[in-house]
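What follows is the residue order along each chain.
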Amino acid sequence: YLLKEFKIMKTFGIVVLGLFGCVILGLCVFSMVILGILAGEAKARFGIQAQEDKREAYYSKMKQIIVSKTQITKASSAQQKELVDSFIKGRSATFIKIIQEQNPDVLFDRNQYASLANTIEAERQGFFREQTHLISRVQEYDNMYGSVISGFVLATAGRQKYPHPVIISSDEAKAVRESGVEKEEKLDL
């Protein structure tokens, strides 16, 4: 009789120990999932911040190229804006006129304009790539907050959602996006 009770106690102890091990294993897996979600959110947040810095660097580089190739250093911010606007709208004659008004001692011809246009276009493409990459990173980050499990974990952990970065765009592009209608414009050439 005692032997039978000992076997039952031994089996009961093994079952309890097995259940205890399963609970510990489950808690470890649960903890790893939680830590993985929190680490993923931090990594995504830092990735967005780094991408914003890269985008800003491209924008600054493009502005520096315009200033250095046109040799405009004393222009006011309104004149620089007029210069960039005329360049973007493709008005080479206006662009060259502004440069010559700002620096009458510097000769700026159409060959220099073509060189500047090619350089700026390459920088604009790089800027566009960086901005597109930033938009993708923000979408991935939003998806993390939008999913049921990770959204719950992040909310429970008290993580605040990273504010959306401002996407640099023209007023015309924003108006087209809001209205769905694009205006036809003629360029002065």
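Our structure is the block above this text.
As the structure is a computational prediction, the values presented were derived from the model and not from experiment.

Caption draft 1: Quick peek at the overall build of the protein. What the protein contains, in helices and strands, is 6 helices and 0 strands. Ordered by position in the sequence, the α and β elements of the protein form the string α-α-α-α-α-α. In the protein, which comprises 189 residues, the share counted as buried stands at 25%. Here the analysis covers contacts within the protein between residues at least 6 apart in sequence; of these, 67% occur between residues at least 24 apart. Entry remark: accessible area of the protein is about 14,000 Å², with carbon and sulfur atoms responsible for 62%.

Caption draft 2: Layout of helix α5 (residues 148-156). All of the buried residues along α5 are S150, G151, V153 and L154. Relative to the axis of α5, the buried residues are bounded by an arc of 165° and lie together on one face. Every exposed residue of α5 that faces more than 90 degrees away from the buried side is listed here: V148, I149, F152, A155 and T156.

Caption draft 3: A look at the packing of aromatic side chains. Applying the stated criterion across every chain, the model contains 2 aromatic pairs. Ring centres of Y59 and F127 lie 5.7 Å apart, and the angle between their planes is 50°; this geometry places the pair in the tilted category. Taken together, the positions of Y59 in helix α1 (residues 2-70) and F127 in helix α4 (residues 110-146) put the pair 68 residues apart, joining distant regions of the chain. On the numbers, 5.2 Å between centres and 55° between planes, the contact of Y141 with Y145 is tilted. Taken as a pair, Y141 and Y145 lie in helix α4 at a separation of 4 residues, close to a single helical turn. The same class applies to Y141 as to Y145, namely buried.

Caption draft 4: How the structure looks around the pattern of salt bridges. Scanning all chains against the criterion turns up 6 salt bridges. For K61, the salt bridge goes to E123, with nearest N and O atoms at 3.5 Å. Of this pair, K61 sits in helix α1 while E123 sits in helix α4, and the two are 62 residues apart along the sequence. Overall, K61 belongs to the partly exposed group, its relative accessible area being 42%. Several salt bridges converge on common partners, so that one network encompasses E41, R45 and R159.

Cut-off values and rules
- Residues numbered from 1 in each chain as written.
- Predicted model: local features only at pLDDT ≥ 70, side-chain atom pairs only at ≥ 80, totals over all residues.
- Heavy atoms only, no water.
- Helix = DSSP H or I, 4+ residues; strand = E, 2+ residues; numbered from the N terminus.
- Buried < 20%, exposed > 50% of the residue type's maximum accessible area, 1.4 Å probe, protein only.
- Contact = heavy atoms within 4.5 Å.
- Areas by Shrake-Rupley, 256 points an atom, 1.4 Å probe, with all protein chains shown as cover.
- Arc of directions from axis to C-beta.
- Phe/Tyr/Trp six-rings, centres within 6.5 Å; stacked < 30°, edge-to-face > 60°.
- Salt bridge = Lys/Arg side-chain N within 4 Å of Asp/Glu carboxyl O.

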